[in-house]
Amino acid sequence: MTAGRPPGRAAGRPLRLTKMHGLGNNYLFLDGLSGPVPPDQELPALARAVSDRNFGIGSDGLILVLPPREAGAQFRMRIFNADGSEGEMCGNGIRCLARLVYDRGYTRAEEFTVETGAGPIRPRLHLENGEVVAVTVDMGVPRLERGAIPMAGPAGERAVEVPLEVEAAGERRTFTVTALSMGNPHCVVFVDDVAAVDLARLGPAFEHHPAFPQRVNTHFTQVLSPQRVRVRVWERGSGPTLACGTGACAVAVAGAVTGRTGRRVTVELPGGALDIRWDEDGHVYMTGPAAYIADVTYDPR
Ligand SMILES: N[C@H](CCC[C@H](N)C(=O)O)C(=O)O
C-alpha cells in the first residue's frame, strides 16, 4: 500500500455537510451561510472526493449554499457533479436547497430567488403544519437554438427531431434527438422501450459526443400517454442517476415541441415522479419533493 492519501481524498480540514435527495438524486450540501467555503480552486477535487462512494461519503455531487452576489436574489447555489465539473443548475438540488434554507431559518419566506449559473431561479415551498412537503420551482424559459444549448450546427437553428450519429462499443447508430438548454444542456431521445436501452454503453457516448462541446445530459424517454412519460437519465458529470430535475423539464419541452405530449406531463423517473408544466408564459414549472438523508462530517485527515 503506497503511503499517503487514497485516490479521491481532498486535502483540508473536516467539513460539516448535509446529504439530501430529490427522488434519489442525492447531493452533499455545504452551508456557506454559516461557515467557511473552500477556495474555488479546491472545489472540483472536493466534489470528487466527497462524492466518491468508496473513499468519500458517496453522492451525485456537491452543492454550495451561498450568499447572493446579485441584487434581487436571497441565496446563491453552485452545483458540482461527481466528476468535479460545475453544472449551471440542478432541479432536484434546488428543491433541497430551498427546504434547507427555510428549515435553518435563513428565510421565513415561502417563495424566494436563488442565483444560479442558469440565472435567477424561484422556488416556492409547499408547507403542511410548518413542514416542507414539496417545492415548485420556476425553472425559467427553455432555450432551443443550437447556439444556446450549446450544440454544433447553425447557432440560430433549433435541434428538434434531428439525426445524431453515435458510436458506442464500435457500433455506429443514428438516433433522432431533440436538444435544448434549461441553463444546462440536455439531449432527449424518444424510444419505444426505455427498459431496453443500454444506458451504460449509450450514456457515455452521448455525454461525450463531439456535437456537444460542453458535454450533455441525456434522457431516454418513452411516451406512455400525452400526459405521462417514463425516463432513464445519464447525467453529464455524474452518470446514471435516479432522477434529473432540469432533465425532466427538458423532456416535457421536447415532448410538447414534437407533438408527443401536452404542456403538462408527469415525468416518471427511476427514483419517482415529477410534475412538469411548460406554462403559456414560456416558463417551465417543476414540482417535487426534497428530503434529508444525514448530517455528516467529511474528515480528510
Ligand atoms: N449533471 C447536470 C447537473 C445536475 C442536474 C440534475 N441533477 C438536476 O436535478 O437537474 C449538469 O452537469 O448539467
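Residues numbered from 1 in each chain as written. Predicted model: local features only at pLDDT ≥ 70, side-chain atom pairs only at ≥ 80, totals over all residues. Heavy atoms only, no water.

For the protein, an unreviewed UniProt entry supplies the name Diaminopimelate epimerase and the organism Thermaerobacter marianensis. Note on the protein: under the UniProt heading Pathway (unreviewed entry), the record states "Amino-acid biosynthesis; L-lysine biosynthesis via DAP pathway; DL-2,6-diaminopimelate from LL-2,6-diaminopimelate: step 1/1." Note on the protein: under the UniProt heading Sequence similarities (unreviewed entry), the record states "Belongs to the diaminopimelate epimerase family." (UniProt positions renumbered as here; feature names shortened; annotations may be inferred.)

Chemist: Would you explain the UniProt feature "binding site: substrate" (unreviewed entry) in the protein in this entry?
Modeler: UniProt's entry tags N25, N81, G91, N92, N184, N217, E235, R236, G245 and T246 with the feature "binding site: substrate" (unreviewed entry), counted in the numbering of this structure. Its location among the elements puts N81 in strand β4 (residues 75-81). Other than its neighbours up to four places away in sequence, N81 contacts A47, D60, G61, G87, E235, R236, G237 and S238. Of the residues examined, R236 reaches a relative accessible area of 6% and is grouped as buried. Excluding its chain neighbours within four sequence positions, the residues that come into contact with R236 are N81, G87, E88, N184, P185, E207, Q214, R215, V216 and N217. For R236, the side chain forms a polar contact with the main-chain oxygen of Q214, separated by 2.9 Å. (Helix = DSSP H or I, 4+ residues; strand = E, 2+ residues; numbered from the N terminus. Contact = heavy atoms within 4.5 Å. Buried < 20%, exposed > 50% of the residue type's maximum accessible area, 1.4 Å probe, protein only. Polar contact = N/O pair within 3.5 Å; in protein donor to acceptor, adjacent residues only side chain to side chain.)

Chemist: Is there a simple way to explain the side chain of T107 in this structure?
Modeler: By the element assignment, T107 lies in the loop between α2 (91-103) and β6 (114-116). With a relative accessible area of 12%, T107 lands in the buried category. A polar atom in the side chain of T107 sits 2.9 Å from the backbone nitrogen of A109.

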